[in-house]
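As a plain string of letters, each chain reads:
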Amino acid sequence: MLADLLLILHLLFILFALLGAILLLRWPWLLLLHLPAIVWVVMLELNGWICPLTPLENRFRQAAGEAGYKGGFIDHYLLPLIYPAGLTPEIQQWLGLGALLINLALYGWVARHWHRRGTP
């Protein structure tokens, strides 16, 4: 159960890093959380690092007696989103660049919106 909970948290973090800039329109203070999140994701992907949540999740699964990722809703639907088959260092770098480009576009959109409204 802890591994599944961590997997959901992992997915939510990825979604926040990719699209969290949209939340800045409502809560500008989230900038303090979102910038470090997207910097972490881009650095992780561009350098081919492994997120520390992944080994922790695997340890939880092994402690529960699971051999791998099989069965259940979480394993079937969420795992392929976070751990796609055939992930290579080159694909990982493209994912990092994609995350960076998405966020540059979103931050440009948010900045333009703030400028029009006079928001900081």
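Before reading on, note that the structure itself is shown above.
Residues numbered from 1 in each chain as written. Predicted model: local features only at pLDDT ≥ 70, side-chain atom pairs only at ≥ 80, totals over all residues. Heavy atoms only, no water.

K.L.:
Can you break down the nonpolar core residue by residue, with the values?
P.N.:
By size, the foremost hydrophobic cluster in this structure holds seven residues: Ala21, Leu24, Leu30, Leu106, Tyr107, Val110 and Trp114. Excluding anything up to four places from it in sequence, Leu30 contacts Leu23 and Leu24. Counting residues in hydrophobic clusters, the runner-up holds six residues, among them Ala17, Ala37, Val42 and Ala99. (Core = buried A, V, L, I, M, F, W, Y, C linked by side-chain atoms within 4.5 Å. Buried < 20%, exposed > 50% of the residue type's maximum accessible area, 1.4 Å probe, protein only. Contact = heavy atoms within 4.5 Å.)

K.L.:
Can you explain the packing of helix 1 (residues 2-19) against helix 3 (residues 53-63)? Please cite residues and give values.
P.N.:
Helix-helix packing: each pair is described by the crossing angle between the helix axes and the interaxial distance. Put simply, helix 1 and helix 3 touch, their axes get as near as 8 Å, and they point 160 degrees apart. Taken together, helix 1 and helix 3 sit at an angle that is classed as roughly antiparallel. Considering how the two elements wind past one another, helix 1 and helix 3 form a crossing that is left-handed. Counting all contacts with helix 1, which are made through Leu2, Ala3, Asp4, Leu6, Leu7 and His10, the residues of helix 3 involved are Leu53, Thr54, Leu56, Glu57, Phe60 and Arg61. Residue classes in the contact of helix 1 with helix 3 are distributed as seven nonpolar, two polar and three charged. (Axes fitted to C-alpha atoms, helices over the stretch in contact; angles between N-to-C directions. Helix = DSSP H or I, 4+ residues; strand = E, 2+ residues; numbered from the N terminus. Parallel < 35°, antiparallel > 145°, perpendicular 65-115°, else oblique. Left-handed = near helix turned anticlockwise from the far one by under 90°. Nonpolar A, V, L, I, M, F, W, Y, C, P; charged D, E, K, R; others polar.)

K.L.:
Let's hear about the environment of Leu44: which residues, and what values?
P.N.:
Along the polypeptide, Leu44 turns up in helix 2 (residues 31-47). Spatially, the C-alpha atoms of Leu44 and Gln92 are 8.8 Å apart, while their sequence positions differ by 48 residues. Setting aside its immediate chain neighbours within four residues, Leu44 contacts Trp49, Ile50, Cys51 and Gln92.

K.L.:
Break down the packing of aromatic side chains for me, with residues and values.
P.N.:
Taken as a whole and judged by the stated rule, the model has one aromatic pair. With a centroid separation of 6.2 Å and an interplanar angle of 40 degrees, the aromatic rings of Trp40 and Trp49 are classed as tilted. For Trp40, a relative accessible area of 33% gives the class partly exposed. Among the residues examined, Trp49 registers a relative accessible area of 40% and is labelled partly exposed. (Phe/Tyr/Trp six-rings, centres within 6.5 Å; stacked < 30°, edge-to-face > 60°.)

K.L.:
Run through the environment of Gly20, naming residues and quoting values.
P.N.:
On the secondary structure map, Gly20 appears in the loop between helix 1 and helix 2. In this structure Gly20 comes out as buried when scored by relative accessible area, which is 2%. Distance from Gly20 to Ala37, taken between C-alpha atoms, is 9.2 Å for residues 17 residues apart in sequence.

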